[in-house]
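Analysis of the macromolecular model
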Amino acid sequence: MGLAEIKARVVSEAERVGRAPESVTLIAVSKVQPNERVASVLEEGHRVFGENKVQEAAGKWPAFKEQYEGVELHLIGPLQTNKARQAMELFDVIHTVDRPKLAKTIARLAEELGQCPRLFIQVNTGEEPQKAGVLPADADAFIKECRDWGLVIEGLMCIPPAEEEPSLHFALLKKIAHRNGLEGLSMGMSGDFETAIAQGATHVRVGSAIFGERDYS
Ligand SMILES: *Cc1c(COP(=O)(O)O)cnc(C)c1O
């Protein structure tokens, strides 16, 4: 696979379901990948990337951002409140707002910094105890709370349970988003991004299908 093929598949799936291809943003998830692979995707002209750890992103992206203009960086992993300031300075979009303490911290820092990344709320659609995200039953209230604190929420994000049919989770996420007036849907990874596009994803997060398998050794 690789960037060109995944971009082509995003476009053809969008067209197949009658959506404008530009309505789907492809986030190239570069976590754990060696810098040469990331550089080659940048050389191909791609500018939208995702990382799941603040520390790792802080180690590699400032240099890439100096070298390549127009990089847009998305945080797709859990965020600890004590790293919120660093995350807000480094990332353009945070997909993992998932609890009141974090939302309040972001709201306070946004005032202090005079800027705020675009924000998605993570919903734990599978209600998995080990997974981050607000429970579906609590989502409406949490979205309202975030808005009361002055945060502008762009959309919702989910990571379906590995063994389950993802489309049920994508449909649930979309339902919660729409009843709350939210347009953004961050859903779909290497194995299911086409399903997600068919269900309305505005942001797909694709790692291994673009870069190759991650080597954690
Ligand atoms: C790693 C990761 C991805 C990308 O996973 P692939 O299966 O490699 O495409 C997408 N979303 C999140 C939240 C991730 O942590």
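Let us look at the structure shown here. (Residues numbered from 1 in each chain as written. Predicted model: local features only at pLDDT ≥ 70, side-chain atom pairs only at ≥ 80, totals over all residues. Heavy atoms only, no water.)

Moving on, we come to the site of the ligand. Close to the ligand lie Val29, Lys31, Ile76, Met157, Ile159, Met189, Ser190, Arg205, Val206, Gly207, Ser208 and Arg214, which account for all nearby residues. Here an oxygen atom of the ligand and a side-chain polar atom of serine 190 are 2.5 Å apart. Within the backbone of glycine 207, an N or O atom sits 2.8 Å from an oxygen atom of the ligand. Across the complex, the protein chains shield 89% of the 390 Å² of accessible surface that the ligand would expose by itself. (Near = heavy atom within 4 Å. Polar contact = N/O pair within 3.5 Å; in protein donor to acceptor, adjacent residues only side chain to side chain. Areas by Shrake-Rupley, 256 points an atom, 1.4 Å probe, with all protein chains shown as cover.)

Here the focus is the packing of aromatic side chains. In the structure shown here, the tally under the stated rule is three aromatic pairs. Taking the centre distance of 5.1 Å and the plane angle of 55° together, the rings of tryptophan 61 and phenylalanine 64 count as tilted. Residue tryptophan 61 and its partner phenylalanine 64 are both found in helix α3 (residues 54-67); the two are separated by three residues, about one turn of the helix. By the burial criterion, tryptophan 61 is buried, and phenylalanine 64 matches it. Residues phenylalanine 64 and tyrosine 68 carry aromatic rings whose centres are separated by 6.5 Å and whose planes lie at 55° to one another, so their mutual orientation is tilted. Tyrosine 68 carries the same exposure label as phenylalanine 64, and that label is buried. Three or more aromatic residues link up through ring pairs in this structure, and these residues are Phe49, Trp61, Phe64 and Tyr68. (Phe/Tyr/Trp six-rings, centres within 6.5 Å; stacked < 30°, edge-to-face > 60°. Helix = DSSP H or I, 4+ residues; strand = E, 2+ residues; numbered from the N terminus. Buried < 20%, exposed > 50% of the residue type's maximum accessible area, 1.4 Å probe, protein only.)

Once that is clear, we can look at the pattern of salt bridges. The tally for this structure, following the rule as stated, stands at twelve salt bridges. One salt bridge in this structure joins glutamate 154 and arginine 118, with 2.8 Å as the shortest N-O distance. Here glutamate 154 is found in strand β6 (residues 153-157), whereas its partner arginine 118 is found in strand β5 (residues 118-122), with 36 residues between them in sequence. A residue is classified by how much of its surface remains accessible, and glutamate 154, at 25% relative accessible area, is partly exposed. You can call arginine 118 partly exposed: its relative accessible area is 31%. Via salt bridges that share partners, Glu5, Arg9 and Glu194 belong to a single interconnected network. (Salt bridge = Lys/Arg side-chain N within 4 Å of Asp/Glu carboxyl O.)

Positioned with a positive phi, valine 32 is a non-glycine residue whose angle comes to about 70°. Here valine 32 is to be found in the loop between β1 (25-29) and α2 (35-43). The exposure class assigned to valine 32 is partly exposed, which follows from its relative accessible area of 29%. Positive phi outside glycine occurs at glutamate 127, with the angle close to 50°. Relative to the elements of secondary structure, glutamate 127 occurs in the loop between β5 and α6 (136-148).

The terminal C-alpha atoms of α3 lie 20 Å apart, and with 14 residues this matches the ideal 20 Å at 1.5 Å per residue to within 8%. Those residues of α3 that are buried are in contact with α2, β2 (48-51), β3 (72-75) and α4 (84-90). (Expected span 1.5 Å × (residues − 1). Contact = heavy atoms within 4.5 Å.)

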